[in-house]
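# Coordinate inspection notes
Each chain is listed here by its residues.
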Amino acid sequence: MSEATPLFEAILIRMFRVWHAARDAEQPLLPSILARAGELGLEPVAGVACASLFDLVEASLGRQLVPECCCSQTLSPDESALVGLVRCALRAGNVHTTTEAPHGLS
């Protein structure tokens, strides 16, 4: 995939809102996001990747991401930033790293 599509973006935001709602409800995050991934016809790895991305972004920012209301068709500033991050990553394509960063992060 070279560019994020509106459907891809909608799925990303839906996954984020489910992940955030589970955290707010003090429910286990991974089962919630994996269940939603299955409902959306995604492989479990997609749910794990989304949860990892959200965790990584929050850790990098040092704060919790803020979603828009679960039924809103508009995006919060943080949701817009998540979409932008994924768009940027897709444009970058395969990025190679060195053994100095075996985890793949710059």
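Details of the structure are given in the entry above.
Here is a short report on the structure shown in this document.

Conventions and cut-offs
- All residue numbers refer to position in the chain's written sequence, counted from 1.
- Reporting in this predicted model follows two pLDDT cut-offs: at least 70 for local features of residues, and 80 or more for side-chain atom pairs to be given and counted; totals over whole chains, interfaces and linings ignore these cut-offs and use all residues.
- The basis for the side-chain values is all heavy atoms of the structure; hydrogens and waters are excluded.
- For the purposes of this entry, the term helix denotes a DSSP run of H or I that reaches at least four residues, the term strand denotes a run of E that reaches at least two, and both are numbered from the N terminus.
- The length a helix should cover is 1.5 Å for every residue beyond the first.
- Remark: exposure states derive from per-residue accessible area (1.4 Å probe, protein chains only) relative to the maximum for the residue type, with buried under 20%, exposed over 50%, and partly exposed in between.
- The arc in question is formed by the directions pointing from the helix axis toward the C-beta atoms.
- All axes are obtained by fitting lines to C-alpha atoms, using only the stretch in contact for helices, and the reported angles, taken between N-to-C directions, cover 0 to 180 degrees.
- Any angle between 65 and 115 degrees counts as roughly perpendicular, while under 35 counts as roughly parallel, over 145 as roughly antiparallel, and the rest as oblique.
- If you view the pair so one helix is near and one far, a crossing is left-handed when the near helix is turned anticlockwise from the far one by less than a right angle, and right-handed when it is turned clockwise.
- Should any heavy atoms of two residues lie within 4.5 Å, those residues are counted as being in contact.
- Buried and open spaces are told apart on a 1 Å grid over the protein atoms alone, a cavity being a set of points where a 1.4 Å probe fits but cannot get out and a pocket being an open set with protein on both sides within 12 Å along at least five of seven lines. Residues with an atom within 4 Å of a point are the lining residues.
- Grid points are joined across faces, edges and corners, and a volume is the space filled by probe spheres set on the points.
- The classification used treats Ala, Val, Leu, Ile, Met, Phe, Trp, Tyr, Cys and Pro as nonpolar, Asp, Glu, Lys and Arg as charged, and all other residues, Gly among them, as polar.
- Each aromatic pair joins two rings of Phe, Tyr and Trp (for Trp, the six-membered one) with centres within 6.5 Å, and gets the label stacked for planes under 30 degrees apart, edge-to-face for over 60, and tilted for any other angle.

Our next topic: helix α3 (residues 44-61). The end-to-end C-alpha distance of α3 is 26 Å, a good match for the 26 Å that 18 residues give at a rise of 1.5 Å each. Within the sequence span of α3, burial applies to Gly47, Cys50, Ala51, Phe54, Val57 and Glu58. In a view along the axis of α3, the buried residues occupy a sector of 130 degrees, so they form one face of it. Turned more than 90 degrees away from the buried face of α3 sit Pro44, Val45, Ala59 and Ser60, all of them exposed. In the stretch just after α3, Gly62 is the one whose phi turns positive, near 75 degrees.

Relative to each other, helix α2 (residues 29-39) and α3 sit at 135 degrees, their axes nearing to 8 Å. With respect to α3, the element α2 is oriented oblique. Seen from above, α2 lies across α3 with right-handed handedness. Contacts from Leu30, Ile33, Leu34 and Ala37 of α2 reach α3 at Pro44, Gly47, Val48, Cys50, Ala51 and Phe54.

This paragraph deals with the layout of surface pockets. Gaps left between atoms are located by rolling a probe of water-molecule size over the structure's atoms. Its boundaries defined by the atoms lining it, the second largest pocket holds a volume of some 190 Å³. Lining the second largest pocket are 13 residues, with Glu9, Ala10, Ile13, Gln73 and Leu75 positioned closest to its centre. If you list the elements that add at least two residues to the lining of the second largest pocket, you get α1 (6-24) and α4 (77-92). Counting residues per element, the lining of the second largest pocket draws most heavily on α1, which supplies 6 residues. Taken together, the residues of the lining of the second largest pocket break down into 5 nonpolar, 4 polar and 4 charged.

Backbone geometry at Glu26 places phi at a positive 55 degrees, although glycine is not the residue there. Looking at the element boundaries, Glu26 is found in the loop between α1 and α2.

Turning our eyes to something else, we now look at the packing of aromatic side chains. The full count for this structure, using the stated rule, is 3 aromatic pairs. Consider the rings of Phe16 and Phe54, whose centres lie 5.3 Å apart with planes at 75 degrees: the pair is edge-to-face. Pair noted here: Phe16 is in helix α1 and Phe54 is in helix α3, with a separation of 38 residues, a long-range link. Under the relative-accessibility criterion, Phe54 is labelled buried at 0%. One aromatic cluster is present, built from ring pairs that chain together Phe16, Trp19 and Phe54.

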